[in-house]
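As a plain string of letters, each chain reads:
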Amino acid sequence: MLTSIHITASAIIGHNTVYKNGKKILEQADTEVSDFLMSVYQKLAIQYPKFYKMDNLSKLGWLASEVLLQDGFNKSDYQPADIGVVLSNANSSLDTDIKYFETAKDIASPALFVYTLPNIIIGEICIRNGFKGENAFFVMEEFDAAFMLQYIGGLFNNNILQCCICGWVELLGEEYKTVLFLVEKKQTEESIIFTKENINKIYEIAHG
């Protein structure tokens, strides 16, 4: 039953602010998206040179996953194939598509072309953490908690996954927002049941 599935952590990056489990951990007003993402990277004190090569959409989703998994998650509790990633957004990789199109007028950039698919975000997260479970990226008009509940609930109920990073990763120009959830079968003191209402409650923090 879906009631056996729990949100054990959440991470939000939007409006130049970062939240972990609903608590604000970083805020930097009046900062362009690229500078803000760099500030988040530095705040997390991560040494990961590949970060600098990513496009902004991948940086956003990757950083949110780092926030999500820090302080509490132990991937050794699972087999790599038991951990999946399911993400969605409204504009796919359009931000990078536009930038790549502009370079194509002169000399097309292979470095940008690599990121002209939204599921590259999932690849970056999985490479970083060694996750090898089910993954999917959906493009839809708006965040859909009911769809997420149904799709991910099915993966758990059929024992395809035991743990999943899921949520919304959207960036176009200077407008961006990501909301990620860590979903597990286990229950902790801080966890809440994976329901449509709880998903939307966390998602709405991003509108603050």
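This text goes with the structure placed above it.
Okay, so let's go over this structure. (Residues numbered from 1 in each chain as written. Predicted model: local features only at pLDDT ≥ 70, side-chain atom pairs only at ≥ 80, totals over all residues. Heavy atoms only, no water.)

## Quick notes on unusual backbone geometry
Selection rule: Numbering of helices and strands starts at the N terminus; helices are DSSP runs of H or I of at least 4 residues and strands are runs of E of at least 2. Each residue gets one of three labels from its accessible area relative to the maximum for its type: buried under 20%, exposed over 50%, partly exposed in between, using a 1.4 Å probe on protein chains only.
Within the chain, A45 stands out as a residue other than glycine whose phi angle is a positive 55 degrees. By the secondary structure assignment, A45 is in the loop between α1 (33-43) and α2 (56-69). With a relative accessible area of 64%, A45 lands in the exposed category. At S92, a residue that is not glycine, the phi angle is positive and equals roughly 50 degrees.

## Side note on the packing of aromatic side chains
Put simply, the test is: In this analysis, rings of Phe, Tyr and Trp, with Trp reduced to its six-membered ring, are considered paired at centre separations within 6.5 Å, and the interplanar angle assigns stacked below 30 degrees, edge-to-face beyond 60, and tilted for intermediate values. Working rule: Lys NZ or Arg CZ, within 6 Å of ring centre, within 35 degrees of ring normal, means a charge sits over the ring.
Summed over the entire model, instances satisfying the criterion amount to 13 aromatic pairs. Here the aromatic rings of F138 and F147 are separated by 4.9 Å at their centres, their planes lie at 80 degrees, and the arrangement is edge-to-face. Judged by relative accessible area, F138 falls into the partly exposed class, the value being 23%. The exposure class assigned to F147 is partly exposed, which follows from its relative accessible area of 28%. Following the ring pairs from residue to residue traces out a cluster consisting of Y41, Y48, F51, Y52 and W62. Geometry around F51 places K59 over its ring, the cationic atom sitting 5.1 Å from the centre. Taking the ring centre of Y48 as reference, the NZ or CZ of R128 above it sits at 4.9 Å.

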